[in-house]
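Inside the fold
Residue-level listing of the chains:
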Amino acid sequence: MKIYVLRIGHRPERDKRITTHVGLVARAFGANGFVLGDINDEGVIESLNKVLKKWGGSMEIISGVNSIKFIKEWKRSNGEVVHLTMYGLPIDYIIDKIKRSRKNKLIVVGAEKVPPEYYRLADYNVSVGNQPHSEVSALAIFLDRLFEGKELYKRHPKSKIEIVPQERGKKVVLKQ
Ligand code: SAM
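Let me begin by describing the structure that accompanies this report. Numbering of residues begins from 1 in every chain and follows the order in which that chain's sequence is written. Local features in this predicted model are restricted to residues whose pLDDT is 70 or higher, and side-chain atom pairs enter the listing and the counts only when it is 80 or higher, whereas totals over whole chains, interfaces and linings include all residues. To obtain the side-chain values, all non-hydrogen atoms of the structure were included, while hydrogens and water were left out.

1. Some points on the site of the ligand
Lining the immediate surroundings of the ligand are 20 residues, of which Leu84, Val128, Gly129, Gln131 and Glu135 lie closest. Between Gly129 and the ligand, the recorded distance is 3.0 Å, taken from a backbone N or O atom to a nitrogen atom. Residues adjacent in sequence count toward polar contacts only when both atoms are side-chain atoms; beyond that, a polar contact is any pair of N or O atoms within 3.5 Å, and within protein one must be able to donate a hydrogen and the other to accept it. Contact distances for the ligand include 2.7 Å between a nitrogen atom and a backbone N or O atom of Gln131. For the ligand, whose free accessible area comes to 570 Å², the fraction covered by protein is 84%. Comment: elements are numbered from the N terminus, with helices defined as DSSP H or I runs of at least four residues and strands as E runs of at least two. At the level of elements, strand E4 (80-90), strand E6 (124-127) and helix H6 (135-146) are the ones that each hand at least two residues to the shell around the ligand. Throughout this document, a residue counts as near a molecule or strand when at least one of its heavy atoms sits within 4 Å of that molecule or strand. Exposure was quantified through the Shrake-Rupley algorithm and a 1.4 Å probe, taking into account, for residues, occlusion by the shown protein chains and nothing else.

Quick look at the structure:
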């Protein structure tokens, strides 16, 4: 099962850091791909590629595609779409159903107001609590529930650096 994250509504300058964090969470929490819809932001892509080069992993990065077309194409190729929104069904009600389906999943997160078409196209509109917070926290919690915490212990192939967890202080291994 492939998991991709689609970030929509990115506003250059204003959202650069948050969108980068969405990409970082996607990678660190086990997604196979990150898609920045409707816009190219070289700064964001460069930051993510730098992290991939140093910390490893093989997350695919796509940018500048039309988000609605991408979603429709994803569904046509038998994938399903999970839209994270505070208006959706509570994650605890729906996560088992989402886990049972072995279809590839596209997780959609917004920035500002998300147009109604996304709610209609989504197979699941999922809330992580019904309070407004952040796409970064919503995505992290969703992926953590989806992977049942196992993603935190995943090794990232081809990393140049790895942390050895310590009670105190920092221990890192530099690799070739
Ligand atoms: N006001 C916006 C709206 O009407 O959709 C929400 C903006 S919020 C800053 C940006 C994104 O964070 C949302 O599009 C959604 O993906 C995510 N988000 C925020 N709170 C959430 C929640 N409680 N549950 C799930 N996702 C949430």
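2. Thoughts on the nonpolar core
In this structure, Leu84, Val126, Leu139 and Phe142 are the most contacted members of the largest nonpolar core, which totals 30 residues. Looking at which element gives the most residues to this core, the answer is H6, with 7 residues. Residues belong to one nonpolar core when they are buried, are Ala, Val, Leu, Ile, Met, Phe, Trp, Tyr or Cys, and are joined through side-chain atoms within 4.5 Å. Throughout, exposure labels follow a simple rule: accessible area from a 1.4 Å probe, protein chains only, divided by the maximum for the residue type, with under 20% read as buried, over 50% as exposed, and the rest as partly exposed.

3. Remarks on the pairing of strand E5 (residues 105-109)
The element E5 is extensively covered by neighbouring structure, given that 5 of its 5 residues are classed as buried. Alternating positions in E5 separate into two faces, Lys105, Ile107 and Val109 on one and Leu106 and Val108 on the other, with burial throughout. As paired strands, strand E1 (residues 3-7) and E5 are joined by 5 bridges and run parallel to one another. Paired with Ile3 across the bridge in E5 is Lys105. Think of it this way: DSSP has to see at least two bridges between two strands before they count as a pair. One ladder, built from 4 bridges, connects E4 with E5; its direction is parallel. Counterpart to Val81 in the pairing with E5 is Leu106. The definition of a right-handed crossover adopted here requires that, viewed with the strands pointing away, the path from the first strand over the helix to the second runs clockwise. Between E4 and its parallel partner E5, the chain crosses via helix H4 (residues 91-100), and the hand of that crossover is right-handed.

4. Some words on the packing of aromatic side chains
A pair of Phe, Tyr and Trp rings is counted when the ring centres sit within 6.5 Å of each other, with Trp represented by its six-membered ring. The angle between the planes then sorts it: under 30 degrees is stacked, over 60 is edge-to-face, the rest tilted. For the structure shown, the criterion picks out 2 aromatic pairs. Pairing Tyr4 with Trp74 gives two aromatic rings, centres 5.3 Å apart and planes at 50 degrees, and the pair type is tilted. Highlighted residues: Tyr4 in strand E1 and Trp74 in helix H3 (residues 67-76), separated in sequence by 70 residues. Tyr4 sits in the buried class, given a relative accessible area of 7%. Judged by relative accessible area, Trp74 falls into the buried class, the value being 10%. Put simply, the rings of Tyr4, Phe70 and Trp74 touch in pairs and so form one group of aromatic residues.

5. A closer look at helix H1 (residues 16-28)
Helix span, as expected, comes to 1.5 Å for every residue beyond the first. With 13 residues, H1 should cover 18 Å at 1.5 Å per step; its first-to-last C-alpha distance of 18 Å lies within 8% of that length. Three or more residues of H1 are buried, namely Thr19, Thr20, Val22, Gly23, Val25, Ala26 and Arg27. In what follows, a contact means two residues having at least one pair of non-hydrogen atoms within 4.5 Å. Among the structural elements, E1, strand E2 (33-37), helix H2 (42-55), E5 and H6 are those in contact with the buried residues of H1. Just past H1, the residue Gly30 takes up positive phi, approximately 100 degrees.

6. What about unusual backbone geometry?
Its identity is not glycine, yet Asn78 carries a phi of approximately 70 degrees, on the positive side. Checked against the element boundaries, Asn78 lands in the loop between H3 and E4. A positive phi is found at Glu148, a non-glycine position, where the angle reads about 55 degrees. In this structure, Glu148 sits in the loop between H6 and strand E7 (161-163).

7. Remarks on the environment of Ile107
Along the chain, Ile107 turns up in strand E5. Judged by relative accessible area, Ile107 falls into the buried class, the value being 0%.

8. As for a nonpolar patch on the surface
Residues qualify for a patch when their relative accessible area is over 30% and they have no salt bridge, like charges being joined within 9 Å and the nonpolar side chains of Val, Leu, Ile, Met, Phe, Trp and Tyr within 5 Å. Should a side-chain nitrogen of Lys or Arg be within 4 Å of a carboxyl oxygen of Asp or Glu, the pair is scored as a salt bridge. Together, Ile163, Val172 and Leu174 make up an exposed nonpolar region whose accessible area comes to about 320 Å². Inspection of the secondary structure puts Ile163 in strand E7.

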